[in-house]
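# Understanding the architecture of this molecule
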Amino acid sequence: MHATRIIAIRHGETAWNVDTRIQGHLDIPLNNTGLWQADQVAQALVGEPIAAIYTSDLQRAHATAQAVARTTGAPLVTNPGLRERSFGHFQGRTFAEIEAELPEDALRWRKRDPHYTPEGGESLVALRERIERTVTVLAQLHVGEQVVMVAHGGVLDVLYRLATRQDIQAPRTWQLSNAAINRLLWTPDGLTLVGWADTQHLDQIVLRDENHA
């Protein structure tokens, strides 16, 4: 079968994830938890046959991918096509701030208006087209192999919808956890879901400072 196995990973946690602040194309680094999560997902993939690791060029994804590359030895390739959705003038604001300052925009965003474009940003339709195009091009390079793609919550949401044939406006009922392992299969017919939101490697969080209290 002309298929490519894909392990899709959302970057590790950032301080802005914790604050529910919109990152979009702003280049926010991992926090300490995110760095730990990156190391954990890297360890979880040891022994997996990985032909290549593709990552968004934003540092929160790139740093997560670097941890996987260090541990697995697979080649790392940066691809801006895997970037998060551009949220334009929403970027840097929290959800609460957007609803308070831009209520009409917030409502269209909450309703997942597929053609709504935040000022200076990207619509859901444009995001879906970008991600589908990027993943298809990369998957075609690795038919019969397995690749890792490290990206963002919005990107993973699109991948899930494509793999389950769900409309872009369908309510989200699935998790987009930081550093979770998500598995998909690509063929010329499109994406298929294999496994989603595996976080077993993150279950044993140790408070590293508790022994120094």
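Values in this document were obtained by computation on a predicted structure and should not be read as measured data.

Here is what the cut-offs are and how they apply
- Residue indices begin from 1 for each chain and proceed along its sequence in written order.
- Reporting of local features is limited, given that this is a predicted model, to residues whose pLDDT is at least 70; pairs of side-chain atoms are given and counted only at 80 or more, and all residues count toward the totals for whole chains, interfaces and linings.
- To get the side-chain values, all heavy atoms of the structure are used, and hydrogens and water are removed first.
- Each reported salt bridge corresponds to a side-chain nitrogen of Lys or Arg within 4 Å of a carboxyl oxygen of Asp or Glu.
- In this text, helices come from DSSP runs of H or I with a minimum length of four residues, and strands from runs of E with a minimum of two, each type numbered from the N-terminal end.
- Relative accessibility thresholds used throughout: buried, under 20% of the residue-type maximum; exposed, over 50%; partly exposed, between the two (1.4 Å probe, protein chains only).
- Pairing of aromatic rings covers Phe, Tyr and Trp, the last counted by its six-membered ring, and requires centre-to-centre distances within 6.5 Å; plane angles under 30 degrees mean stacked, over 60 mean edge-to-face, and any other angle means tilted.
- Contacts between residues were defined by any pair of non-hydrogen atoms, one from each residue, lying within 4.5 Å.
- Note: pLDDT gives the predictor's confidence per residue, expressed from 0 to 100.
- Whether two strands pair comes down to DSSP finding at least two bridges between them.
- To get an axis, a line is fitted to the C-alpha atoms, and for a helix only the part in contact is used. The angle between two axes follows their N-to-C directions and goes from 0 to 180 degrees.
- Handedness of a helix crossing follows the sense of rotation of the near helix relative to the far helix, less than a right angle counterclockwise being left-handed and clockwise being right-handed.
- Asp, Glu, Lys and Arg are counted as charged, while Ala, Val, Leu, Ile, Met, Phe, Trp, Tyr, Cys and Pro are counted as nonpolar; the rest, among them Gly, fall into the polar class.

This part takes up the pattern of salt bridges. Applying the stated criterion to the full structure yields 11 salt bridges. Between Arg70 and Asp39 there is a salt bridge whose closest N-O contact spans 4.0 Å. Pair noted here: Arg70 is in helix 3 (residues 59-72) and Asp39 is in helix 2 (residues 32-44), with a separation of 31 residues, a long-range link. Residue classification places Arg70 among the exposed residues on the basis of a relative accessible area of 61%. The class for Asp39 is partly exposed, based on a relative accessible area of 37%. Ionic pairing is found between Glu122 and Arg130, a salt bridge with its closest N-O pair at 2.9 Å. Neither residue differs from the other here; Glu122 and Arg130 are each classed as buried. Salt bridges linked by common partners bring Arg112, Asp157, Arg161 and Arg172 together as one network.

It is worth spelling out the packing of aromatic side chains at this point. This structure, assessed with the given rule, holds six aromatic pairs. Pairing Tyr160 with Trp196 gives two aromatic rings, centres 5.0 Å apart and planes at 70°, and the pair type is edge-to-face. Here Tyr160 is found in helix 7 (residues 153-164), whereas its partner Trp196 is found in strand 6 (residues 190-198), with 36 residues between them in sequence. Judged by relative accessible area, which is 18%, Trp196 ranks as buried. Three or more aromatic residues link up through ring pairs in this structure, and these residues are Phe87, Phe90, Phe95, Trp109 and Tyr116.

Another aspect to go through is the environment of Glu97. Within the secondary structure, Glu97 is located in helix 4 (residues 95-101). Taking the C-alpha atoms as reference points, Glu97 and Arg21, 76 residues apart in sequence, are found 9.1 Å from one another. For Glu97, the residues in contact, after removing those within four places along its chain, are Arg21, Gly92 and Leu102.

Averaged over the protein chain, the pLDDT score is 94; the fraction of residues at 70 or greater is 95%. Taken together, the stretch residues 207-213 has pLDDT below 50 and engages in two contacts with residues farther than four places along the chain or on a different chain.

Spatially, the six strands line up as an open sheet ordered 3-2-4-1-5-6, and their pairing is mixed. The outermost strands of the open sheet, each flanked by one partner alone, are strand 3 (76-78) and strand 6. With strand direction ignored, the average angle separating the axes of adjacent strands in the sheet is 25°. Where strand 2 (residues 52-55) and strand 4 (residues 146-151) come together, four bridges link them in parallel fashion. By the bridge assignment for strand 4, Ile53 is matched with Val148. Relative to the sheet, helix 6 (residues 124-140) contacts strand 1 (4-10), strand 2, strand 4, strand 5 (181-187) and strand 6, its axis offset from that of strand 5 by approximately 75°. Its contacts with the sheet place helix 7 against strand 1, strand 4, strand 5 and strand 6, and it is angled at close to 125° to strand 6.

To continue, consider the packing of helix 2 against helix 3. Between helix 2 and helix 3, the least distance of the axes is 8 Å, while the angle of their chain directions is 35°. Between helix 2 and helix 3 lies a crossing whose hand is right-handed. The segment helix 2 lies against helix 3, with Ala38, Asp39, Val41, Ala42 and Gln43 engaging Thr64, Ala67, Val68, Arg70, Thr71 and Thr72. In the contact of helix 2 with helix 3, the residues fall into five nonpolar, four polar and two charged.

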